[in-house]
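# Descriptive structure summary
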Amino acid sequence: MLIQILNGLVYAGLLYIVSVGLVLIFGLRRVVNFAHGGFYMVGAYAGYTAAMVFGFWGGLIVAVLVLGLIGILLDYVVFRPLQNADHMVTVLVTFGILLVFEDVVQMIWGADTLSVLAPYPFDGTVQLGDILFPVYRLLVIAVAIAVALGLTLWLRFSRAGLYVRASSVDALTTGMQGVDTEKLSLSVVGLGTALAGLSGVIASPLLALSPSMGSSILIESFIVVVTGGLGSFAGAFIAALLIGQVHNLGIVYVPNVASMLPLLLMVVVLILKPTGFARSYS
Amino acid sequence: MSLLELQNVHAAYGSARVLHGVSLKVEKGERVALIGRNGVGKTTVVNTCIGAARLTSGKVSFMTRVQKPIRAFRAARSGISIVPQGRRIVPGLTVRENLLLGSAPDRKGPWNLEAVFAMYPILRERADGLGTAMSGGQQQMLAIGRALMANPDLLILDEPSEGLAPVVVDELGASLVRLAEQGTAILLIEQNFGLIRSVGDRYYVMAKGSVVEDGRLSALTAEELKRHVSV
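Computed from a predicted structure; not experimentally measured. Position numbers for residues count from 1 along each chain, tracking the sequence in the order it is written. Lettering for chains starts from A, numbering for ligands starts from 1, and both go in the order in which the items are written. Given that the model is predicted, a residue must reach a pLDDT of at least 70 before its local features are reported, and side-chain atom pairs must reach 80 or more before they are shown or counted; all residues, however, enter totals for whole chains, interfaces and linings. Just so you know, side-chain values use all the structure's heavy atoms and leave hydrogens and water out.

Residues and elements named next belong to chain B. An order of β2-β1-β4-β5 is seen for the four strands of this open sheet, with the pairing classed as antiparallel. At either margin of the open sheet sits one strand with a lone partner, and together these are β2 (16–27) and β5 (65–66). On top of the sheet, helix α1 (residues 42–49) reaches β1 (2–13), β2 and β4 (54–62); it is set at about 105° to β1, its chief contact. A pair of strands is treated as paired once DSSP finds two or more bridges between them. Secondary structure follows DSSP: runs of H or I at least 4 residues long count as helices, runs of E at least 2 residues long count as strands, and numbering of each begins at the N terminus. Contacts between residues were defined by any pair of non-hydrogen atoms, one from each residue, lying within 4.5 Å. Fitted lines through C-alpha atoms give the axes, limited to the stretch in contact for helices. The angle between two N-to-C directions lies from 0 to 180 degrees.

This part covers the layout of surface pockets. The calculated volume of the largest pocket comes to roughly 780 Å³. Residues are called lining when one of their atoms sits within 4 Å of a cavity or pocket point, these points coming from a 1 Å grid over the protein atoms alone, where a cavity is a set in which a 1.4 Å probe fits but cannot get out and a pocket is an open set with protein on both sides within 12 Å along at least five of seven lines. Lining the largest pocket are 32 residues; nearest its centre among them are Arg29(A), Gln83(A), Asn84(A), Ala171(A) and Glu182(A). Secondary structure elements with two or more residues in the lining of the largest pocket: α1 (2–29), α3 (87–109), α5 (159–169), α6 (171–176) and α7 (181–203) of chain A together with α2 (72–77) of chain B. All amino acids are sorted into three groups, where Ala, Val, Leu, Ile, Met, Phe, Trp, Tyr, Cys and Pro are nonpolar, Asp, Glu, Lys and Arg are charged, and the leftover types, Gly among them, are polar. Of the residues belonging to the lining of the largest pocket, the class tally is 15 nonpolar, 11 polar and six charged. Grid points are joined across faces, edges and corners, and a volume is the space filled by probe spheres set on the points. Its boundaries defined by the atoms lining it, the second largest pocket holds a volume of some 320 Å³.

In this section: the interface of chain B and chain A. Tallying the contact residues gives 21 residues for chain B and 19 residues for chain A. Summed over both partners, the accessible area (1.4 Å probe) lost when two parts come together is defined as the buried area. Between chain B and chain A, the buried area comes to about 1900 Å², and carbon and sulfur atoms account for 60% of it. Across the pair Glu97(B) and Arg165(A) runs a salt bridge whose closest N-O atoms are separated by 2.8 Å. Elements with a minimum of two residues in the side of chain B that touches chain A: α2 and α3 (95–102) of chain B. Salt bridge, as used here: a side-chain nitrogen of Lys or Arg that lies within 4 Å of a carboxyl oxygen of Asp or Glu.

Attention now moves to the sheet that holds strand β8 (residues 185–189) of chain B. All names here are of chain B. Reading across the sheet, the six strands line up as β6-β7-β8-β3-β9-β10 and stay open at both edges, with mixed pairing between neighbours. Taken across any chain shown, the strands that pair with only one partner, and hence form the sheet edges, are β6 (80–83) and β10 (210–216). Looking at each pair of strands side by side, their axes are set apart by 15° on average, direction ignored. Relative to β10, strand β9 (residues 202–207) runs antiparallel, the two being bridged by six bridges. Residue pairing in the sheet places Tyr204 in a bridge with Asp214 of β10. Sheet contacts for helix α6 (residues 136–148): β6 and β7 (154–158); angle to β6, the most-contacted strand, approximately 170°.

Moving on: the pattern of salt bridges. Taken as a whole and judged by the stated rule, the model has 12 salt bridges over all chains. Between Asp180(A) and Arg71(B) there is a salt bridge, with the nearest N and O atoms lying 2.9 Å from each other. Here Asp180(A), found in the loop between α6 and α7, pairs with Arg71(B), found in the loop between β5 and α2, and the two come from separate chains. Buried, partly exposed and exposed residues are distinguished by accessible area as a fraction of the type maximum, computed with a 1.4 Å probe on protein chains only: under 20%, between the cut-offs, and over 50%, respectively. On the accessibility criterion, Asp180(A) (11% relative accessible area) is buried. Classification of Arg71(B) by relative accessible area gives partly exposed; the value is 22%. The salt bridge involving Glu27(B) is made with Lys25(B); its shortest N-O contact spans 3.9 Å.

This brings us to the UniProt feature "transmembrane region" (unreviewed entry) in chain A. All names here are of chain A. UniProt positions are given in the numbering used here, feature names are shortened, and annotations may be inferred rather than shown by experiment. Under the feature "transmembrane region" (unreviewed entry), the UniProt entry names residues 9–28, 48–77, 89–111, 131–155, 185–209, 221–244 and 250–272. In residues 131–155, the share of helix is 84% and the share of strand is 16%. The end C-alpha atoms are 38 Å apart. Within the segment residues 250–272, helix and strand shares are 70% and 0% respectively, and the terminal C-alpha atoms sit 22 Å apart.

All names here are of chain A. By the bridge criterion, four bridges tie strand β1 (residues 125–128) to strand β2 (residues 131–134) in an arrangement that is antiparallel. If you follow Thr125 over to β2, its bridge partner there is Pro134. Connecting β1 to the antiparallel partner β2 that follows it, the hairpin turn spans two residues, and Gly129 within it adopts a positive phi of roughly 65°.

With that settled, consider unusual backbone geometry. The linkage connecting Tyr120(A) with the following residue, Pro121(A), adopts the cis geometry, with an omega of 5°. Tracing the backbone through its elements, the reader meets Pro121(A) in the loop between α3 and β1. For the bond running from Lys68(B) to Pro69(B), omega is -5°, close enough to zero to count as cis. Tracing the sequence through the fold places Pro69(B) in the loop between β5 and α2. In this model, Thr64(B) sits at a positive phi of 70°, which is unusual for a non-glycine residue. Despite not being glycine, Asn151(B) has its phi angle at roughly 50°, a positive value. Position of Asn151(B) among the secondary structure elements: in the loop between α6 and β7. Assessed through its relative accessible area of 6%, Asn151(B) is described here as buried.

Right under this line is the structure:
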């Protein structure tokens with residue numbers, strides 16, 4: 001049971017890092033970004049390739065930087081010009097970008113799955129009571145906690161964080177206080193996609209890399225964002241924890257219906273509390 | 001020097017044209033009232049200055065610098081702070097955070113958190129509570145305090161008396177007069193007869209999206225002023 005709970009935390013950590021990027025982008029741009037799964041997947045492949053030259057950690061840094069730049073470009077050439085367009089147009093464009101990413105990755109790296117080894121010194125196991133548990137999985141949990149803490153401190157105590165929280169709720173009023181919300185969005189979208197890239201790289205020693213890996217995590221990330229409460233960072237954290245456990249325990253104990261459980265959880269939460277776990281923008 | 005100048009401004013929301021050649025200016029230290037009945041385009045003048053209404057022709061200048069394109073943040077950075085209609089207190093932020101949102105790090109002056117708390121002590125008492133949880137009058141103080149945090153040369157207030165009790169409006173008027181005496185120029189968009197009289201010095205009257213009259217408030221009789229602002 002302990003192993004299942006820890007594995008649930010590992011998946012929750014990955015989900016959280018992807019989802020919080022979605023929350024950031026939704027808050028600033030009001031965009032339901034289907035391309036986000038693509039960023040996660042491209043991050044994993046970029047990290048895989050860069051790791052051949054710079055090692056795993058160097059690859060991680062390169063992938064995060066590259067994905068951050070791609071996010072800035074996306075904001076500049078897609079989100080900004082489409083900010084006054086119908087939401088459905090933006091949704092379709094981001095979905096198209098996801099499909100393009102999948103095809104491009106398939107062209108470059110092929111359709112076969114690729115694997116990445118856990119980096120030294122996190123490639124061993126650790127004794128937890130009666131069981132042996134991979135150290136790398138504990139590292140993934142630690143990275144997710146670090147991201148959550150870092151984001152919380154940044155949002156709560158920095159001037160930029162205050163601007164992000166304010167702009168997520170009322171961009172015009174925030175702009176009227178002298179904040180260039182366009183520049184702010186540019187950097188926040190970059191941060192959101194960089195987080196997706198980070199999640200892709202740290203997931204790569206746990207999962208097989210494939211062009212469809214982005215689509216798989218995207219659905220559950222949306223479930224996290226909606227269940228947590230659109231735009232809520234704290235809600236995304238709680239929802240990721242819960243859905244990570246539901247996903248993992250479901251696979252072990254009720255494999256036939258495991259894929260439905262996160263969706264069922266979302267439906268139940270939304271019926272009981274239509275705004276999700278947390279109030280918006282907390 | 002003109003802090004704000006609109007020259008023959010035409011503006012629209014989508015395809016709905018609202019302003020038809022508005023020209024007005026506010027000089028340093030002036031107290032100007034922009035008056036007119038409901039729906040004549042007074043708020044659209046403010047919205048045009050922050051890009052919320054689309055400028056179709058004409059010029060908007062902050063500190064004599066023509067704004068093109070017009071962006072919401074440029075007014076504040078040019079020393080023009082706005083207290084918008086409906087106050088627009090940011091939900092989810094505390095009173096302190098709403099005030100800090102208004103502070104412009106690169107603009108120096110007498111206004112900071114302590115100075116605003118000294119002017120409106122209730123904001124100090126409620127500093128860690130949500131801004132949106134306060135009463136209408138307190139939210140108006142917060143909106144004015146937030147605007148002052150940028151140490152503006154010009155404060156634009158759009159219907160600040162809306163929804164306030166008469167005694168609160170009197171207090172508001174007194175605080176605006178104090179601000180004006182300290183050298184902050186004021187553009188007051190208002191329909192409250194008493195507030196216009198107590199704060200304003202010069203006036204513009206708008207009708208059907210245009211400025212139709214301007215002059216000194218002291219030259220207007222009470223009856224004339226009432227006629228201009230009655231709904």
